[in-house]
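Fold and geometry: a report
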Amino acid sequence: MNNFSYLKRYLRKNHYYDLEEEILTQLESHPNFPSLYAIIDTFNFLEIENLAIKVEKEEFENLPECFIAVVDSDTGKETILAEKLQHKIRIEFSNGFKKTITETEFLTIWTGIVVAIEKNETSSKLRFSVKNNWIAGAFFMLSLFLVLINNGTNLIFASFYYLSAITGLITSIFLIREETGIHNESVSKICNVNEKTSCKAVLSSKGAKIFGDVSLSDISIIYFLSITFLSLFLTFESVFAIYTGLALLSIPVLIYSVCYQYFVLKKWCVLCLGIVGVLLSQLILVLSFWTKYKNSFNAINVVSFVLVFGLMLLCWLKFKTLFKKNIELKKTEVKHNQFKRKSLVFNALLKDSQKIDIDSINDLKAVFIGKYDAPVTIYALLSASCGHCHSAFENIIKLTEKNPNEIKAKLLFNVNIKNENNPNNKVYHQVAHFYFNDGEEKVQDALKDWHIRKMTLEKWTAKWGTTKDFVSEEIIQEQYNWCYDNYLLFAPAIIVNGYVLPKEYEINELSYFLENLIETKKAVL
């Protein structure tokens, strides 16, 4: 099975931390998944600077330490992640299989095709991640300090029991992640260390369920949440009777878990065994201190534990329901994108949209962005006062810059330039003046200041000025009249190959259909 988890690691190495999850979602949605073209296109869609080239094998030494490559394998050409390791190369396939080979062996199977991305030097997620680690570490140390302060005469029992609770809580979180399909690379390796271990097989079995959808992993995380919470506010001596009772009640759970995995499933869940180990250590711990604290019992604390456990149960079940819905929504999103990004679907929806007379729109004088000989023209109807036009213009700029040889854009200003009650019209009036009188140099910068940098009108006019130009005013008014005559009374509106872009598509998604749009254009010509 291809999971392309190496792409997440590759992004992490290059500091694209906030795109680790998004890349797999977008990749699976690509109509050409799982090809190399889909990977490159996904990088472009996520605005990751990348280079895809074929180089001579003599240039291998000049390649970065980590890169994506295409190699010949027993099953044909495959995309892999290659990492240089002191005269050896570690390669990882899309199915997660890894092996280390010599440089000579790598050069023998390497096709010369390389895809590399630029390191993200401006990532704030790295600082955010480090900050989170510091916060988590500080919280743990503070909570441990609080536990020790509350249990000055029982430091050994308090510290060991609290650490066991934290260990159980962390293990339970990984259990839940594995159960819901959110896999951690390192944990997944442990769970599948050999043919007799499979966390997935154990967690998905009937024996892992207790009451309907409530599983042993649910009870595990609720249990450890409860005792962790309780440990922070009550002394261990006052709740020793509770911990003793819980430890004794865990004995049948331990026996059931081990016997079920060994005799029934004949598979081991390493994480489940981790929970078993924690519960067993807690049992040994309370039995070791039984003589010292056996007479300590507080009925109020028993009630407190029951209330805390009930509260954690309700909160967790609600959270898990929302968590599962979020996962299902992501799966639905992937299927939806897979469907709508098929060329047949795109063409059908496009031709079902409003048809536009291209000859009439080409007769209009308008601002052009991009190379004039680019085969595909996007017509964008924009308004200076439209908030959605900001993102539309930004996406058009990105699309033309990423595909300069394929796409150009023609901007039509859908504004009534004679309406003096709308001061924002001054922006397009001045832009048109620049374009039709001073050349194109200033146009993009002026439009970027307004639509992308979102300058205020006062700052924009102070920088770019306001010129009364009756020729430009007449050109914009002709554009507005054309929009009105063609019932295009909204902005932004995007026209592609003679049709208004359907509302199901965003402008940046046009990159998926470039070849299709170019072929359609050639067929018309």
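Residues numbered from 1 in each chain as written. Predicted model: local features only at pLDDT ≥ 70, side-chain atom pairs only at ≥ 80, totals over all residues. Heavy atoms only, no water.

- As annotated in an unreviewed UniProt entry, the protein is Vitamin K epoxide reductase family protein from Flavobacterium branchiicola.
- Recorded under Sequence similarities (unreviewed entry), the UniProt text for the protein is reproduced unchanged: "Belongs to the VKOR family." (UniProt positions renumbered as here; feature names shortened; annotations may be inferred.)

**What to know about the environment of Val500**
- Inspection of the secondary structure assignment puts Val500 in strand β13 (residues 499-500).
- Take Val500: its relative accessible area is 8%, and that puts it in the buried class.
- Sequence separation between Val500 and Tyr379 is 121 residues, and the spatial gap between their C-alpha atoms is 9.1 Å.
- When sequence neighbours within four positions are dropped, the list of residues in contact with Val500 reads Leu350, Ser353, Gln354, Ile356, Leu488, Ile494 and Ile495. (Helix = DSSP H or I, 4+ residues; strand = E, 2+ residues; numbered from the N terminus. Buried < 20%, exposed > 50% of the residue type's maximum accessible area, 1.4 Å probe, protein only. Contact = heavy atoms within 4.5 Å.)

**Here we look at the packing of aromatic side chains**
- Scanning the entire structure with this criterion turns up 30 aromatic pairs.
- Judged by centre distance (3.9 Å) and plane angle (15°), the rings of Phe413 and Tyr428 are stacked. Placement of Phe413 in strand β11 (residues 407-413) and of Tyr428 in helix α17 (residues 425-438) is noted, with a sequence separation of 15 residues between them.
- Under the relative-accessibility criterion, Phe413 is labelled buried at 2%.
- Accessibility expressed as a relative area gives 0% for Tyr428, which makes it buried.
- One aromatic cluster is present, formed by Phe157, Tyr161, Phe236, Phe240, Tyr243 and Phe289 through successive ring pairs.
- Here Lys84 stacks its cationic end above the ring of Phe60, 4.7 Å away from the centre of that ring.
- A cation sits over an aromatic face here: Lys340 above Tyr505, 5.3 Å from the ring centre. (Phe/Tyr/Trp six-rings, centres within 6.5 Å; stacked < 30°, edge-to-face > 60°. Lys NZ or Arg CZ within 6 Å of the ring centre and 35° of its normal.)

**What about the pairing of strand β12 (residues 493-496)?**
- On β12, burial covers both faces: Ala493 and Ile495 on one face and Ile494 and Val496 on the other are all buried.
- Sheet analysis places strand β10 (residues 376-382) next to β12, joined by four bridges and oriented antiparallel. Within the sheet, the bridge partner assigned to Ile378 lies in β12 and is Val496.
- Where β12 and β13 come together, two bridges link them in antiparallel fashion. Paired with Val496 across the strands is Tyr499, a residue of β13. (Pairing = 2+ DSSP bridges.)

**Focus: a nonpolar patch on the surface**
- Together, Ile210, Phe211, Leu216, Val253 and Tyr256 make up a nonpolar patch on the protein surface, roughly 450 Å² of accessible area in all.
- Only β7 (209-211) and α10 (240-265) provide two or more residues apiece to the nonpolar patch.
- When you line up the elements, Phe211 lands in strand β7.
- Phe211 sits in the exposed class, given a relative accessible area of 62%. (Patch = residues over 30% accessible without salt bridge, like charges linked within 9 Å, V, L, I, M, F, W, Y side chains within 5 Å. Areas by Shrake-Rupley, 256 points an atom, 1.4 Å probe, with all protein chains shown as cover. Salt bridge = Lys/Arg side-chain N within 4 Å of Asp/Glu carboxyl O.)

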